[in-house]
Amino acid sequence: MKKLFFAIALAAVCGTASAKSKTDTLVVTTTPQMHCANCENKIKNNLRFEKGIKDILTSVNDQTVTIVYNPAKTDKQKIEAAFPKFGYKARELKKGEKVQRDESEQCDNM
């Protein structure tokens, strides 16, 4: 009986571990830049419908959109290609790259 219980428990643990999908992360900046919570919400609300996207984090202060996605379902090019559908252009940031805020730009989402 102990062996049967052990085998079932082992199968459950192995099944859970294999059920987790791999994810990758893409960090982009946008043109036009984000200025407010409305800008952030516009990006999040439109990207969440793209296939394979798991999580979206935005930062107006850093001018970044961090996207966690399943590489088996989408890729960086497809994600970047989604931005023009809702009025933005995305550019991948290199690791450690900082973006200057353009104070002269006006927000269209207020």
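As the structure is a computational prediction, the values presented were derived from the model and not from experiment.

Parameters at a glance
Residues numbered from 1 in each chain as written. Predicted model: local features only at pLDDT ≥ 70, side-chain atom pairs only at ≥ 80, totals over all residues. Heavy atoms only, no water. Phe/Tyr/Trp six-rings, centres within 6.5 Å; stacked < 30°, edge-to-face > 60°. Buried < 20%, exposed > 50% of the residue type's maximum accessible area, 1.4 Å probe, protein only. Helix = DSSP H or I, 4+ residues; strand = E, 2+ residues; numbered from the N terminus. Arc of directions from axis to C-beta. Contact = heavy atoms within 4.5 Å. Salt bridge = Lys/Arg side-chain N within 4 Å of Asp/Glu carboxyl O. Pairing = 2+ DSSP bridges. Axes fitted to C-alpha atoms, helices over the stretch in contact; angles between N-to-C directions.

Let us now look at the packing of aromatic side chains. Counted by the stated rule, this structure contains 2 aromatic pairs. Both rings, one in Phe83 and one in Phe86, keep their centres 5.5 Å apart while their planes meet at 40°; by these two values the pair is tilted. Each member of the pair, Phe83 together with Phe86, is buried. Each ring, one from Phe86 and one from Tyr88, has its centre 6.0 Å from the other, and the planes form 55°; the classification is tilted. Judged by relative accessible area, which is 7%, Phe86 ranks as buried. Following the ring pairs from residue to residue traces out a cluster consisting of Phe83, Phe86 and Tyr88.

Right, let's get into helix 2 (residues 37–47). Each turn of an α-helix holds 3.6 residues, which means side chains three or four residues apart point in the same direction. When we look at burial in helix 2, the residues that qualify are Cys39, Glu40, Ile43 and Leu47. Buried residues along helix 2 cover an arc of 100° about the axis, so they all sit on one side. Looking at the buried side of helix 2, the elements it contacts are strand 1 (24–31), strand 2 (53–59), strand 3 (64–69) and helix 3 (76–82).

All chains considered together, the criterion is met by 3 salt bridges. Its salt-bridge partner being Arg91, residue Glu97 comes within 3.1 Å of it at the nearest N-O pair.

With that settled, the discussion passes to the pairing of strand 2. Both strand 2 and strand 3 contribute to a ladder of 6 bridges, which runs antiparallel. Note on strand 3: the bridge partner recorded for Leu57 is Thr66. Counted along the chain from strand 2 to the antiparallel partner strand 3, the turn is 4 residues long, and its residue Gln63 has a positive phi close to 60°.

Bringing the sheet that holds strand 4 (residues 89–92) into the picture now. A sheet is described by the order of its strands in space; here 4 strands give the open sequence 2-3-1-4, paired in antiparallel fashion. The two strands at the open ends of the sheet, each matched to only one other strand, are strand 2 and strand 4. Across this sheet, the average inter-strand angle for adjacent strands is 30°, counted without regard to direction. Helix 2 rests against strand 1, strand 2 and strand 3 of the sheet, and its axis sits at about 170° to strand 2.

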